[in-house]
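Descriptive structure summary
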Amino acid sequence: MNRPPLPPFDSTSAALKVRLAEDAWNSRDPARVAQAYTPDSRWRNRDRFIQGRAAIEAFLTEKWQREQEYRLIKELWAFSEQRIAVRFAYEWRDHSGQWYRAYGNENWEFDAHGLMAIRHASINDLAITEADRLFHWPQGRRPDDHPSLSALGL
């Protein structure tokens with residue numbers, strides 16, 4: 001199964017890969033997101049080590065039960081033939097109503113079919129007030145005209 005764009009990446013295909021990943025994560029559909037990874041994909045997410053699509057799907061199901069009103073923006077940082085580095089921010093609120101903005105970096109490595117085989121994510125959460133929120137689009141895909149992380153000064 002191929003998942004374009006495929007490596008080797010150039011600036012256009014790497015940016016498209018990042019936007020497609022952002023769109024999938026903003027769907028908050030764990031099964032859809034998990035399909036972008038190899039069956040034996042290895043993750044480091046904060047302090048958790050996860051391996052395989054089933055574990056990824058379970059992790060994401062738990063994540064989006066906890067992180068309400070999740071909205072994410074990813075931005076291409078750097079790329080090589082089969083690797084992409086991304087910076088991102090997302091906003092969410094917990095069940096008590098406290099809002100957070102998470103800031104992070106991801107390093108991705110893809111197989112020849114365009115599936116992500118390795119994902120390393122470093123993430124920090126910052127409690128924010130509702131008035132400090134910057135991501136206000138309806139849940140789902142970020143509109144094309146919404147500012148990027150750089151345009152927002154993040």
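These notes cover the structure that comes with them.

What counts, and where the lines are drawn
- Residues numbered from 1 in each chain as written.
- Predicted model: local features only at pLDDT ≥ 70, side-chain atom pairs only at ≥ 80, totals over all residues.
- Heavy atoms only, no water.
- Helix = DSSP H or I, 4+ residues; strand = E, 2+ residues; numbered from the N terminus.
- Rg over C-alpha atoms; globule rule 2.2 N^0.38 Å.
- Buried < 20%, exposed > 50% of the residue type's maximum accessible area, 1.4 Å probe, protein only.
- Contact = heavy atoms within 4.5 Å.
- Areas by Shrake-Rupley, 256 points an atom, 1.4 Å probe, with all protein chains shown as cover.
- Lys, Arg positive; Asp, Glu negative; His and termini not counted.
- Charge placed at Lys NZ, Arg CZ, Asp CG, Glu CD.
- Core = buried A, V, L, I, M, F, W, Y, C linked by side-chain atoms within 4.5 Å.
- Salt bridge = Lys/Arg side-chain N within 4 Å of Asp/Glu carboxyl O.
- Pairing = 2+ DSSP bridges.
- Axes fitted to C-alpha atoms, helices over the stretch in contact; angles between N-to-C directions.

Glancing now at the overall build of the chain. A count of helical and extended segments in the chain gives three helices and six strands. Moving toward the C terminus, one meets the helices and strands of the chain in the order α-α-β-β-α-β-β-β-β. On C-alpha atoms alone, the chain measures out to a radius of gyration of 15 Å, which is about the 15 Å that the 2.2 N^0.38 rule sets for 154 residues. With respect to the three principal axes, the spread of C-alpha positions in the chain is 45 × 30 × 25 Å. Expressed as a percentage of its 154 residues, the buried residues of the chain come to 44%. In the chain, once contacts between residues fewer than 6 apart in sequence are set aside, the share between residues at least 24 apart is 58%. Per element, the accessible surface of the chain, about 7,700 Å² overall, is 51% carbon and sulfur. The chain carries 22 positive and 22 negative side-chain charges, and their two centres are separated by 1 Å.

Quick look at the nonpolar core now. Core analysis: the largest hydrophobic core is formed by 28 residues, its most contacted members being Trp25, Trp43, Leu60, Ile84, Tyr90 and Trp108. Put simply, the parts of the chain that give this core at least two residues each are helix H1 (11–27), helix H2 (30–34), strand S1 (37–45), helix H3 (53–66), strand S3 (68–79), strand S4 (83–93), strand S5 (99–110) and strand S6 (116–128). With residues up to four places along the chain from it excluded, the contact list for Leu60 reads Trp25, Pro30, Val33 and Trp43. Grouped together as the second largest cluster of nonpolar side chains are five residues, Ile73, Phe135, Trp137 and Leu149 included.

This paragraph deals with the pattern of salt bridges. Throughout the structure, instances matching the rule amount to 19 salt bridges. One salt bridge in this structure joins Glu109 and Arg83, with 2.9 Å as the shortest N-O distance. Taken as a pair, Glu109 in strand S5 and Arg83 in strand S4 lie far apart in primary sequence, 26 residues in all. Owing to a relative accessible area of 46%, Arg83 belongs among the partly exposed residues under this scheme.

The next subject is the sheet that holds S3. Judged by pairing direction, the sheet is mixed, and its six strands sit side by side in the order S2-S1-S6-S5-S4-S3 without closing on themselves. A strand with exactly one partner marks an edge of an open sheet, and here the two such strands are strand S2 (48–51) and S3. Neighbour-to-neighbour, the strand axes of this sheet turn through a mean angle of 20 degrees, independent of strand direction. As judged from the eleven bridges shared by S4 and S5, these two strands associate in the antiparallel manner. In the strand pairing of S5, Phe88 is matched with Gly104. Strands in contact with H1 are S1, S3, S4, S5 and S6; relative to S3, the strand with the most contacts, it is inclined by about 165 degrees. Relative to S1, H3 is tilted by about 50 degrees, and along the sheet it contacts S1, S2, S3 and S4.

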